[in-house]
Number of protein chains: 2
Amino acid sequence: MIYDVIIIGGSPAGLTAGIYIARKKLKAVILTKNVGGQCLLTDTIENFPGFDLISGRELSEKMRAQSEKYGVPAREGVEVESIEKTDDNFLVKLKGGEKMEAKSVIIATGKSPNKLKIPGEKEFENKGVSFCTTCDAPLFAGKDVAVIGGGNSGLNAALDLVKYANKVYVLEYGARIIGDELLQERLKQSGNAEFLLNAEATEIRGGSFVEKIIYQDKKSGGTKEIFVGGVFVNAGWLPATGFLSAQCGVDLNEKGEVVINPKTNETSVQGIFAAGDVTDVKYKQCVIAAGEGAKAALSAYEYLMS
Amino acid sequence: MIYDVIIIGGSPAGLTAGIYIARKKLKAVILTKNVGGQCLLTDTIENFPGFDLISGRELSEKMRAQSEKYGVPAREGVEVESIEKTDDNFLVKLKGGEKMEAKSVIIATGKSPNKLKIPGEKEFENKGVSFCTTCDAPLFAGKDVAVIGGGNSGLNAALDLVKYANKVYVLEYGARIIGDELLQERLKQSGNAEFLLNAEATEIRGGSFVEKIIYQDKKSGGTKEIFVGGVFVNAGWLPATGFLSAQCGVDLNEKGEVVINPKTNETSVQGIFAAGDVTDVKYKQCVIAAGEGAKAALSAYEYLMS
């Protein structure tokens, strides 16, 4: 069987593409490691229009149901290994050996958390080092913890943590916190958050579990340490483009993001489209990714009809 | 008082911009004729991710509540007459004389229905000629009606009508129906819809109320007529940019749409941003407009902080 469209990725961009492709009555499937993607890392989303408060998981499941209702299923637990151009179509190879063929492809694989690559980060993963407060915050009840990164994802992580932890330090590399004022204010109101600016984390130490974080005070030049039982890393994201080999011909930018025509979501390869956080779209937000997924689907439809 | 941002337009783009601007704790207001805008013309939206079925009005009211909850109110019943650049800011003049000042402006005024400009269209408006099935379909119970336009909005209008009317003719100027296959199929299943291709409506006639529509059969070259009690016009849209004078300097394209940088939603005037159906964004869809509103808000925030 040859699909009209294979959608790779099950976060808002991929799921919304599924909804739009389904309504065009095309033969399509969504392939994903897990429905929700990085949306699952957010406990409560407050800025998706139409929902006052919703969890990333609930929002994703609603989108999945919509796509499946009209005939585009999401196949979970699947990892794509490569995309190859055949004479007329694309061959999508899965880890495990399965091969699928499609007339067009929409890449919506999102991004994964950036690592700090400092001593102790890897050693203490799941021993106090975490990339997901939604998953792990309750484990740190009553402890002192550090959040690395003062962007929105760092502040949201800190807000998840102040409900549980005794004290939350937010270490920001730069001279000011760049996340939403609203989030900053709420953190201040919590009474148990402290911002540390110009703070470059350099090492995580401990015994069987994290015990402290060492950082460089870039203003004074001195090295400091704080005793914490947990370190939550929120240091940006890496676009999930590992399966795109040079041969497949999809252009990436210097950050590794898929370069798209921002009006049509076309990539540098005819018939391959991309949407959401995996692309060079400037702002990474659920509602923006959803809109981009709709655009990619409508472009793929035009491509298939032309 | 000087606002940080004045958002003009209360459809999904404007309301989502409101949500994002509010979360940045900026001083802002949404000015709109009516919350919902062209969203109100759609009875049930099935393709907004997260909602299986929702009316345009309900979705809009949810977005409005979200924006207002965080501090950006929507002021209804307001029409903007002009935007002028002052030395540092923008002066937004309302019909009625009121003037408001802002450091930046987001234009999200959407579009309004295109008129056919054929004899009878204006004379029979509200006497059988309608631009809104959501508003008027029930008035045509048991009658034969015509829908002009075979795009998605035309097919959706026809689907609204088959529930009430005896027979629904869909007149499409082109040689094929361009709306969703799913919608076409549902119309066929209804048993009381008929597609007329290559049909160019030329006149609407009647007495005190619409009685028939005359059209040119572009294939045979002949003139034909069908007896109908109602005509629903779905012939595209006009972007609502009447308030943008040449002096204000915002570039429009040949369709009258606001030209934007598709990555940042900047217009040709620094400090003025635009989002949604009023812009040259390729696809006009609620979720795409919402994503664009978020982008415009984040760009306006960057502009104000820089």
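Residues numbered from 1 in each chain as written. Chains lettered and ligands numbered in written order. Predicted model: local features only at pLDDT ≥ 70, side-chain atom pairs only at ≥ 80, totals over all residues. Heavy atoms only, no water.

Across its full length, chain A carries six helices and 17 strands. Against the globule reference of 19 Å for 306 residues, chain A gives a C-alpha radius of gyration of 21 Å, in line with a compact fold. Here the C-alpha coordinates of chain A stretch approximately 60 × 40 × 35 Å along the principal axes. Taking all 306 residues of chain A together, the buried fraction comes to 57%. For chain A, the share of sequence-separated contacts (at least 6 apart) that also reach a separation of at least 24 residues comes to 58%. Here chain A displays about 12,500 Å² of accessible surface, and carbon together with sulfur accounts for 48% of that area. (Helix = DSSP H or I, 4+ residues; strand = E, 2+ residues; numbered from the N terminus. Rg over C-alpha atoms; globule rule 2.2 N^0.38 Å. Buried < 20%, exposed > 50% of the residue type's maximum accessible area, 1.4 Å probe, protein only. Contact = heavy atoms within 4.5 Å. Areas by Shrake-Rupley, 256 points an atom, 1.4 Å probe, with all protein chains shown as cover.)

It is worth spelling out the pairing of strand 6 (residues 99-107) of chain A at this point. Residue and element names in this part refer to chain A. Two strands pair when backbone bridges link them, and strand 1 (residues 2-8) and strand 6 are joined in this way by six bridges, in the parallel orientation. Among the inter-strand pairings, isoleucine 6 is bridged to a residue of strand 6, identified as valine 105. One ladder, built from three bridges, connects strand 6 with strand 17 (residues 272-274); its direction is parallel. Following the sheet pairing, isoleucine 106 is matched in strand 17 by phenylalanine 273. (Pairing = 2+ DSSP bridges.)

Residue and element names in this part refer to chain A. Strand order in this open sheet of five strands is 8-15-9-10-11, and the pairing throughout is parallel. A single partner strand is all that each edge strand has here, and the edge strands are strand 8 (129-130) and strand 11 (193-196). Sheet topology places strand 10 (residues 167-171) next to strand 11; four bridges connect them, and they run parallel. Paired with tyrosine 169 across the strands is glutamate 194, a residue of strand 11. Here helix 5 (residues 181-190) sits on the sheet and contacts strand 10 and strand 11; the angle it forms with strand 11, its principal contact strand, is near 125°. (Axes fitted to C-alpha atoms, helices over the stretch in contact; angles between N-to-C directions.)

What follows concerns the packing of helix 4 (residues 152-162) of chain B against helix 5 (residues 181-190) of chain B. Residue and element names in this part refer to chain B. Close contact between helix 4 and helix 5 brings their axes to 10 Å; oriented N to C, the two are set at 25°. Classified by the interaxial angle, the pair formed by helix 4 and helix 5 is roughly parallel. Between helix 4 and helix 5 the crossing geometry is left-handed. Taken together, the residues of helix 5 that come into contact with helix 4 (itself represented by Asn152, Leu155, Asn156, Ala158, Leu159 and Val162) are Leu183, Gln184, Arg186, Leu187 and Ser190. In the contact of helix 4 with helix 5, the residues fall into six nonpolar, four polar and one charged. (Parallel < 35°, antiparallel > 145°, perpendicular 65-115°, else oblique. Left-handed = near helix turned anticlockwise from the far one by under 90°. Nonpolar A, V, L, I, M, F, W, Y, C, P; charged D, E, K, R; others polar.)

Moving on, we come to the environment of glutamine 216 of chain B. All names here are of chain B. If you trace the backbone, glutamine 216 turns up in strand 13 (residues 210-217). Exposure remark for glutamine 216: the relative accessible area of 26% places this residue in the partly exposed category. For glutamine 216, the contacting residues outside a window of four places in its chain are Asn198, Ala199, Glu200, Thr202, Gly221, Gly222 and Thr223.

Evaluation of the coordinates by the stated rule reveals eight aromatic pairs over all chains. Look at phenylalanine 48 of chain A and phenylalanine 51 of chain A: their rings are 6.3 Å apart centre to centre, the planes differ by 40°, and that puts the pair in the tilted class. The pair phenylalanine 48 of chain A / phenylalanine 51 of chain A is uniform in exposure class, with both members buried. Judged by centre distance (6.4 Å) and plane angle (65°), the rings of phenylalanine 48 of chain A and phenylalanine 48 of chain B are edge-to-face. Residue phenylalanine 48 of chain A is found in the loop between strand 2 (28-32) and helix 2 (56-69), and its partner phenylalanine 48 of chain B is found in the loop between strand 2 (28-32) and helix 2 (56-69); the two belong to separate chains. Judged by its relative accessible area of 0%, phenylalanine 48 of chain A falls in the buried class. Ring-pair connections join several aromatic residues into one group, and the members of that group are Phe48 and Phe51 of chain A together with Phe48 and Phe51 of chain B. Over the ring of tyrosine 70 of chain A we find arginine 23 of chain A, and its NZ or CZ is 5.4 Å from the ring centre. The aromatic ring of phenylalanine 90 of chain B is capped on one face by lysine 85 of chain B, whose charged end is 4.7 Å from the ring centroid. (Phe/Tyr/Trp six-rings, centres within 6.5 Å; stacked < 30°, edge-to-face > 60°. Lys NZ or Arg CZ within 6 Å of the ring centre and 35° of its normal.)

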